[in-house]
Amino acid sequence: MMRAAGERVVLVPSRSRGVLRFWTTTTTTTMLFMMMLSILAMTTTIAFMSSSASSTTTMTLAWASSSSRQRPGRRWGGVPPPRGDVGPLSSSSSPTTTTTTTEDVTSTSPSSSSSSPSASVLPPRKVTLARWLSSKVQDYPELRDLESLHLSIQMACKTISNLITRTTSAAAPASSSSSSVVAAGDAADVSMRRLDRVSKNVLSNALKFTGRLRVVEAPPREECDVNYDDDCPPPVGKSYSPGVVIAYALDQYGGEADHHQAGVGRNNRRTRRLAACFDPLDGSGNADAAICTGTVFGIFDADAGLNDQSEIDQGDASSLSRSVLQPGSELLAAGYCLYSSTTILVFTLGDGTHGFTLDPTSNEFVLTHPNMRIPKRGNIYSCNESYVDGWDGRFREYLSDIKNGRGETGRRYTQRYIGSMVGDVHRTLMYGGIFCCPADSNVHPDGSLQLVYKSAPMAYVLERAGGKATDGRVDLLDVRPMDSVHARSPCFMGSPEDMDELMTYLKSDDGEVMSE
Ligand SMILES: O=P(O)(O)OC[C@H]1O[C@](O)(COP(=O)(O)O)[C@@H](O)[C@@H]1O
């Protein structure tokens, strides 16, 4: 389809996973030209004010014409910018009109003017999360609502990262009691509950700070009647239930309608309200041992999850919780922040998975892993084998075969299990292999991980990076949580070839799948 010059393609994430529809509106080339002139004026002024007489600042303005998409400008010795820097969200090959400003800033000082060009070139500028999101929203305004939510999430993750660093570097509470194991255990338990509570509060405040979100704590897990914390420790026999935060956008988005307006946009496209569900600190019990932990989030179109949209306006925790009772296939965005040797924020907006590492010098998340792809095959399996006696025999047979080099590759797999899902899944994304939390008949008949705020968002991130996920029967992203935001599900996720091999075991001889 030929587009007139200057046409702008606006991306409208459709509700089905990863499929992006394109809508066109027309922008005048005059506007673009005026904008480029103002950018040029601003940059020249900055260059004049900040550069010495000998330095020169070169800014390259580049934009793709509607007839063909120009390659983003090469810079700094011909190394193309990271794909996540200037390219559109979609990997579509269809030509699009996007206005991309790439700044090649090379300043030559007198001492280096005679040296080779590479010696006088500044190190590549880091693409911060804010800039990356802004460049996406320039191309796809429909993502504006996700941008503001992501910016508040990144603010919370920075604070939580600092909090954990301080907590783990603080001296362990001295235990005077002779039974130091019990005391240490209690101290760790209290510390975990405190860390959970503080992380939940940090996240809630960051989200409320936007002024555009209603934030509630999800009702406690079914096995607890309150969200216990160190002020209110769980009675003996009751499990502790860390808070799960749900944020609901007060504004309507999308469509061509004036924002914040409910209903249908001018071009008959339904506007939407976002609802995000967060696990503020997954694996918090490991924090005192300086083992990695993580924040997990998933973002839905709230109204898609409700039969009666007026439910939302009640604003209470249970009605807002129902807005996120959706299968992972309905996610608009999902991600996690891993607090480990580095703090890395990995997320997807529906097409491609990208990683941003917290730069301690600037305290900014910078793009380090554009368009992450999970290896097609790994040689690591990750699961808690203490539950092996309760697992389905077919899964046990799979593990035995890959451990002993009897699988499809003929290589022996090794076992890695941190006990922090975010860390285990991130390693799986980076190195390949498989992460499993199966149902076990003794302890976790429904699986140990909650679907809405743990396994489904993680599966979505992996799946957008080329991975696969299942509950042992169907695609994990097609599993609809039942009546509780804390609903659990068995989960298996990882490299596509490993997952395909696993599924040949989970299907019984007559094609039946693994029982729950
Ligand atoms: O010790 P288990 O039963 O293997 O469970 C480990 C799992 O529990 C978790 O630590 C979650 O527990 P919390 O929700 O209490 O943080 C996951 O990160 C991890 O994968």
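What this report covers is the structure whose coordinates are included nearby. Given the structure is predicted, the values throughout are model-derived calculations rather than measurements.

## Observations concerning the packing of helix α4 (residues 129–139) against helix α5 (residues 144–169)
At a closest axis distance of 10 Å, the pairing of α4 and α5 adopts a crossing angle of 175°. The orientation of α4 with respect to α5, classified from their angle, is roughly antiparallel. Here Leu129, Ala130, Leu133, Ser134 and Val137 of α4 lie close against α5, whose contacting residues are Arg144, Glu147, His150, Leu151 and Gln154. Taken together, the residues of the contact of α4 with α5 break down into five nonpolar, three polar and two charged.

## Some words on the pairing of strand β10 (residues 343–348)
Across a regular strand the side chains alternate sides, sitting on one face of the sheet and then on the other. With respect to burial, β10 is a largely interior element, six of its six residues being buried. Alignment of strand β9 (residues 333–339) against β10, held across six bridges, turns out to be antiparallel. Each bridged residue has a counterpart across the sheet, and for Gly335 the counterpart in β10 is Phe347. Hairpin geometry of β9 and β10 is characterised by an intervening segment of three residues between the two adjacent antiparallel strands. Summarising the sheet, β10 and strand β11 (residues 353–359) pair through five bridges and their orientation is antiparallel.

## Re the sheet that holds β11
The strand order across the open sheet built from eight strands is β5-β6-β7-β8-β9-β10-β11-β12, with neighbouring strands paired in antiparallel fashion. Both outer strands of the open sheet, β5 (213–217) and β12 (364–369), are each paired with one neighbouring strand and no more. Across the sheet, the axes of successive neighbouring strands diverge by a mean angle of 20°, strand direction being ignored. Across seven bridges, strand β7 (residues 274–282) lies against strand β8 (residues 293–301) in antiparallel orientation. From the neighbouring strand, Ala275 faces β8, where its bridge partner is Phe300. With respect to the sheet, α4 is in contact with β10, β11 and β12, its orientation differing from that of β10 by roughly 15°. Running at roughly 100° to β9, helix α11 (residues 451–463) makes contact with β7, β8, β9, β10 and β11 of the sheet.

## A look at the site of the ligand
Around the ligand, the structure places 11 residues, and the nearest of them are Asp282, Gly283, Tyr387, Tyr417 and Met421. Contact distances for the ligand include 2.6 Å between an oxygen atom and a side-chain N or O atom of Tyr387. Here Gly419 contributes a backbone N or O atom positioned 3.2 Å from an oxygen atom of the ligand. In isolation the ligand exposes 480 Å². Once the protein is present, 75% of that is buried.

## Let's talk about the nonpolar core
With 46 residues, the main nonpolar core has Tyr336, Val485 and Met493 as its most contacted residues. Among the elements that line this core, the one with the most residues is α11, at nine residues. Counting 43 residues, the second largest nonpolar core, distinct from the first, contains Val127, Trp132, Ile164 and Phe356.

The rules we used
Residues numbered from 1 in each chain as written. Predicted model: local features only at pLDDT ≥ 70, side-chain atom pairs only at ≥ 80, totals over all residues. Heavy atoms only, no water. Axes fitted to C-alpha atoms, helices over the stretch in contact; angles between N-to-C directions. Helix = DSSP H or I, 4+ residues; strand = E, 2+ residues; numbered from the N terminus. Parallel < 35°, antiparallel > 145°, perpendicular 65-115°, else oblique. Contact = heavy atoms within 4.5 Å. Nonpolar A, V, L, I, M, F, W, Y, C, P; charged D, E, K, R; others polar. Buried < 20%, exposed > 50% of the residue type's maximum accessible area, 1.4 Å probe, protein only. Pairing = 2+ DSSP bridges. Near = heavy atom within 4 Å. Polar contact = N/O pair within 3.5 Å; in protein donor to acceptor, adjacent residues only side chain to side chain. Areas by Shrake-Rupley, 256 points an atom, 1.4 Å probe, with all protein chains shown as cover. Core = buried A, V, L, I, M, F, W, Y, C linked by side-chain atoms within 4.5 Å.

In short, shape yes, function no, at least from these values alone.
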